[in-house]
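Secondary and tertiary structure notes
One letter stands for each residue in the lines below.
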Amino acid sequence: MVKQVSSFATRSAVFSKLLSLLEQADGQRPNLLRVLTYHRVDEPDACPALYPGLISATPDAFDQQMSYLAANYHVVSMAELLDACRTGAALPPRSVMVTFDDACRDFAQHAWPTLKRYRLPATLFVPTAFPDHPDRTFWWDHLYQAVSTTIRCDDLDTPIGRLPLRTPTQRAQAFGQLKDYMKTLPHRAAMEWVERTCADLGVPRAEHNVLGWDELRRLAREGVTLGAHTRTHPLMNRVSLEEVRAEAVGSLRDLEREIGAVPPIFAYPSGGFNDEVVRILARRQRHAHSRPAAAAEDQHRAAHEPGALPRATAAVVAVSESVATALWRLTADR
Ligand SMILES: [Zn+2]
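Residues numbered from 1 in each chain as written. Predicted model: local features only at pLDDT ≥ 70, side-chain atom pairs only at ≥ 80, totals over all residues.

**A few points about the environment of Asp275**
Put simply, the rule is: The helix count covers DSSP runs of H or I at least four residues long, the strand count covers runs of E at least two residues long, and both are numbered beginning at the N terminus. Using C-beta atoms placed from the backbone, we call a residue buried if 20 or more other C-beta atoms fall within 10 Å of its own, exposed if 12 or fewer do, and partly exposed for counts in between.
Looking at where Asp275 falls in the secondary structure, it is placed in helix 10 (residues 275-288). Asp275 sits in the exposed class, given 9 other C-beta atoms within 10 Å. In this structure, the C-alpha to C-alpha distance between Asp275 and Asn237, residues 38 residues apart in sequence, is 9.7 Å.

**Some words on the packing of helix 2 (residues 59-72) against helix 4 (residues 105-117)**
Condition: In this description, a line fitted to the C-alpha atoms serves as the axis of each element, helices being fitted only across the stretch in contact, and the angle between N-to-C directions of two axes falls anywhere from 0 to 180 degrees. Angle categories are assigned with fixed cut-offs, so that under 35 degrees is roughly parallel, over 145 is roughly antiparallel, 65 to 115 is roughly perpendicular, and the rest are oblique. In this scheme the crossing of two helices becomes right-handed for a clockwise turn of the near helix relative to the far one and left-handed for an anticlockwise turn of less than a right angle. A pair of residues counts as a contact when their C-beta atoms, built from backbone coordinates, are within 7 Å of each other. Nonpolar residues are Ala, Val, Leu, Ile, Met, Phe, Trp, Tyr, Cys and Pro. Charged residues are Asp, Glu, Lys and Arg, and all others, Gly as well, are polar.
Two elements in contact, helix 2 and helix 4, have axes whose closest approach is 10 Å; the angle formed by their N-to-C orientations is 25 degrees. Viewed along their axes, helix 2 and helix 4 adopt a mutual orientation that is roughly parallel. Where helix 2 crosses over helix 4, the two elements pack in a sense that is right-handed. For the pair helix 2 and helix 4, the contacting residues are Pro59, Phe62, Asp63 and Met66 in the first and His110, Ala111, Thr114 and Leu115 in the second. Its residues assigned to classes, the contact of helix 2 with helix 4 comprises five nonpolar, two polar and one charged.

**Quick notes on the nonpolar core**
Generally speaking, a soluble globular protein has its nonpolar side chains buried in company with each other. Put simply, the rule reads: By convention the nonpolar core is taken to be a set of buried residues drawn from Ala, Val, Leu, Ile, Met, Phe, Trp, Tyr and Cys and joined through C-beta atoms within 7 Å.
Counting residues in each nonpolar core, the largest one holds 52 residues, and the members touching the most others are Met97, Ala103, Phe107, Ala111, Leu124 and Val126. Excluding residues that lie within four positions of it along the chain, Ala111 makes contacts with Tyr38, Val41, Phe62, Phe100 and Asp106. Of all hydrophobic cores here, the second largest spans 19 residues; its members include Leu54, Ile55, Tyr144 and Ala174.

**What to know about the pairing of strand 6 (residues 123-126)**
Just so we agree on the cut-off: In this description, strands pair whenever DSSP reports at least two bridges between them. For a crossover, the right-handed case is the one in which the path from the first strand over the helix to the second runs clockwise, viewed with the strands pointing away from the viewer.
Burial along strand 6 is two-sided: the residues Thr123 and Phe125 and Leu124 and Val126 are all buried. Direction of pairing for strand 5 (residues 95-101) relative to strand 6: parallel, over a ladder of three bridges. Counterpart to Asp101 in the pairing with strand 6 is Phe125. Where the polypeptide runs from strand 5 across helix 4 and back to strand 6, its parallel neighbour, the crossover connection is right-handed. Sheet topology places strand 6 next to strand 9 (residues 225-228); four bridges connect them, and they run parallel.

**Examining the packing of helix 5 (residues 139-149) against helix 6 (residues 168-182)**
Relative to each other, helix 5 and helix 6 sit at 150 degrees, their axes nearing to 9 Å. Comparing the axis directions of helix 5 and helix 6 gives the class roughly antiparallel. The crossing of helix 5 and helix 6 is right-handed. Contact residues: Trp140, Leu143, Tyr144, Val147 and Ser148 in helix 5; Arg171, Ala174, Phe175, Leu178 and Lys179 in helix 6.

Next up, the structure:
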């Protein structure tokens, strides 16, 4: 098995990009696992208050992409991957995995029906503090809605300078700059700034867009693999190590409480991690699942046995949602 992730964002107009990414990867190494990371699958105008940059594909484009995968690739499930990691067996040629981050509502509405039609497995990473909490919305949606719809037209005074908001283009630029800047701040400081600024701009919170636990349980029953994606979706390298532990262990416990047995997988928000974070996750994950009360399937349990998987990251399948720098750490030694 090879440590390779091809994470991508496919807009409807760039289906060819998906093909070239996949086929290009073919030429690099044999026995390669490609991991496709989607966020939202929806029409751009379906939810105009939500940040459109996280629409990975329109429903039609997604259908086209899954049709292509079904015909040309072996789409592996997370269980198959974990089993291969445990046994050391090679994955089938042209293996690809389909994953979704953030558990947005459109997954159930558009993506899963298409995946079911093509009989393709998928993994959905859930930020577990969000389901059934309509008051909790993603900060980027909140900021996007505030910057794009505020009636204020004066310059916005920010730590990165005064940003004009007179035209739609200026607003889009301001949002992009602020979004990038927020990711450089400690998570708490960033969230406080977003709250304060959105209040100043006089715009209410964006709509809640995360699936509820009943819907997630239904999806799990129908075959969707659910994985942890923190509780509150901070960049894990922008919070204290104590918060890293709370986010990692808390999200796994939330999933176990609401769903039952879940596989030992974890996706870092926006690819934010460092070696120390990975070490904590690996250690905590083993501990979290060593309790006898964590009723697990054989394969699930086997994946947690010390030494069953390589390296310190062995107990954690870490998927990054960063487009260019994603790592598939689980297989780093293979
Ligand atoms: Zn995410």
